[in-house]
Amino acid sequence: MDACTLPTLAKKPHWHKDASSPQRSSSVQRNRLNLDVPFGATSSAWCPVIMARNLLKNPSGEEQLEFWELTENGGSQWKVEDMPGDCGHDFSNMAVMKYFATSFELCLKRQVIDLAEEGFTCEQLDAQPVVEVEDWYCGRQDCGCTYQMNVCLLDENHEVLEEFKPEPVTLDPECDDCSWKQVLHTFSEYGPGLRFISFEHGGRDTNYWDGWFGVRVTGSSITVQV
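Residues numbered from 1 in each chain as written. Predicted model: local features only at pLDDT ≥ 70, side-chain atom pairs only at ≥ 80, totals over all residues. Heavy atoms only, no water.

Peer 1: Just to check I follow, could you spell out the overall build of the protein for this structure?
Peer 2: Secondary structure assignment for the protein yields one helix and 14 strands. Going through the 226 residues of the protein one by one, you find that 47% of them count as buried. Across the protein, every contact between residues at least 6 apart in sequence was considered, and the portion connecting residues at least 24 apart equals 82%. Split by element, the accessible area of the protein, about 11,600 Å² in all, is 49% carbon and sulfur. (Helix = DSSP H or I, 4+ residues; strand = E, 2+ residues; numbered from the N terminus. Buried < 20%, exposed > 50% of the residue type's maximum accessible area, 1.4 Å probe, protein only. Contact = heavy atoms within 4.5 Å. Areas by Shrake-Rupley, 256 points an atom, 1.4 Å probe, with all protein chains shown as cover.)

Structural data, given as structure tokens:
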């Protein structure tokens, strides 16, 4: 692995919001954050479903920033880099070759999924199908970072039916395991009327270093099981 890039301090003062670190496991395969169930709990048995496909486009940066709305693009702005990157960590899925990197000011990106355009009928959606959310994030070995996400189920008027917005996470390489971590969430029994899903995530670094020393994200997924 190449030596870590020497950072340059950005000139402007940096706003910082503290957040607790996620619970960690000694096993890389269990390095996940599931905010629905106790850490280490197993998911329900798999069963075949129709249209259980990833509705997010370009989830890992293979098409650079295509399909993403850059709602916050601070610092040196969003950038796509090759896995594992400078001072990075190997990813468990070898098929994922890239990730999105954030900078010294807040970087957020969003997709809003139109479920009708994706082929779902009103009848299917009003039956309140299970919606599963997945995301992956990590920090560098040489710089702290923060990570945040917000997923909303929306009706036809883009009013929120249900929201998943966990507390931001701060990773400090001096005391935290900053390797890739998985976020999982399941929506169910949220009422009829689902028509859109908004997915937004991102973060920044905590040292205010010029460049791309903030949180890295990849492998995002939203599936609707009908």
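What follows picks up the thread again.
Peer 1: Looking at this structure, I do not really get the pairing of strand E8 (residues 145–154). What am I missing?
Peer 2: The side chains of a regular strand alternate, first on one face of the sheet and then on the other. Counting buried residues along E8, nine of its ten residues qualify, which places the element largely inside the surrounding structure. Strand direction decides the pairing type here: E8 and strand E10 (residues 169–171), joined by three bridges, are antiparallel. Pairing of Thr146 across the sheet is with Thr170, part of E10. For E8 and strand E12 (residues 196–205), the ladder comprises ten bridges, and the chain directions are antiparallel. The residue of E12 that forms the bridge with Tyr147 is Gly203. Strand direction decides the pairing type here: E8 and strand E9 (residues 160–164), joined by four bridges, are antiparallel. Bridge pairing in E9 links Leu153 to Glu162. As consecutive antiparallel partners, E8 and E9 are separated by five residues, and within that stretch His158 has a phi angle of approximately 65°, a positive value. (Pairing = 2+ DSSP bridges.)

Peer 1: Honestly, the packing of aromatic side chains in this entry has me stumped. Any pointers?
Peer 2: We describe a pair of aromatic rings using the distance from one ring centre to the other and the angle between the two ring planes. Under the counting rule described, the total for this entry stands at nine aromatic pairs. Counting every residue linked through ring pairs, the aromatic cluster contains Trp68, Trp78, Phe100 and Phe199. The lysine or arginine in question, Lys79, covers the ring of Trp212, its NZ or CZ lying 4.1 Å from the ring centre. Over the ring of Phe100 we find Lys109; its NZ or CZ atom is 3.7 Å from the centre of that ring. (Phe/Tyr/Trp six-rings, centres within 6.5 Å; stacked < 30°, edge-to-face > 60°. Lys NZ or Arg CZ within 6 Å of the ring centre and 35° of its normal.)

Peer 1: So what exactly am I meant to see when it comes to the pattern of salt bridges here?
Peer 2: Once the charged atoms of two side chains with opposite charge are near each other, the side chains can pair. Summed over the entire model, instances satisfying the criterion amount to nine salt bridges. With its nearest N and O atoms 2.6 Å apart, the salt bridge here joins Asp82 to Lys98. A residue pair is termed long-range when its members are at least 10 positions apart, and Asp82 in strand E4 (residues 79–82) and Lys98 in strand E5 (residues 98–101) qualify at 16 residues. Overall, Lys98 belongs to the buried group, its relative accessible area being 18%. Here Lys181 ties to Asp177 by a salt bridge, and the two come within 3.8 Å at their closest N and O atoms. (Salt bridge = Lys/Arg side-chain N within 4 Å of Asp/Glu carboxyl O.)

Peer 1: What am I meant to see in the nonpolar core here?
Peer 2: One broad rule of soluble globular proteins: the nonpolar side chains tend to lie buried together. Within the largest apolar cluster, 33 residues are counted, with the highest numbers of intra-cluster contacts made by Leu115, Val131, Val151, Ile197 and Ile222. Mapped onto this core, the elements with two or more residues apiece are strand E6 (107–114), strand E7 (130–138), E8, E10, strand E11 (181–187), E12 and strand E14 (216–225). Sort the elements by how many residues they give to this core and E8 lands first, with five residues. The contacts of Ile222, once residues within four sequence positions are left out, are Arg53, Asn54, Leu55, Leu56, Ile113, Val131, Glu132, Val133, Val151, Ile197 and Phe199. The next biggest cluster of nonpolar side chains, apart from the first, holds eight residues, and it includes Phe91, Tyr99, Trp136 and Trp180. (Core = buried A, V, L, I, M, F, W, Y, C linked by side-chain atoms within 4.5 Å.)

Peer 1: Any chance you could explain unusual backbone geometry here in plain terms?
Peer 2: As a rule of thumb, non-glycine residues mostly have phi less than zero, and peptide bonds are mostly trans rather than cis. The peptide bond linking Met83 to Pro84 adopts the cis configuration, its omega dihedral lying at 0°. Counting through the fold element by element, Pro84 comes out in the loop between E4 and E5. Backbone geometry places Cys87, a non-glycine residue, at a positive phi of 50°. Cys87 gets classed as buried once you look at its relative accessible area, which sits at 0%. We note that Glu189 has phi near 50°; this positive angle belongs to a residue other than glycine. Note on Glu189: relative accessible area 73%, which makes it exposed.

Peer 1: What's the story with the environment of Trp68 in this structure? I'm lost.
Peer 2: Tracing the sequence through the fold places Trp68 in the loop between strand E2 (32–34) and strand E3 (69–73). Dropping the residues within four chain positions of it, Trp68 is found in contact with Lys57, Asn58, Pro59, Phe100, Lys109, Arg110, Gln111, Phe199 and His201.

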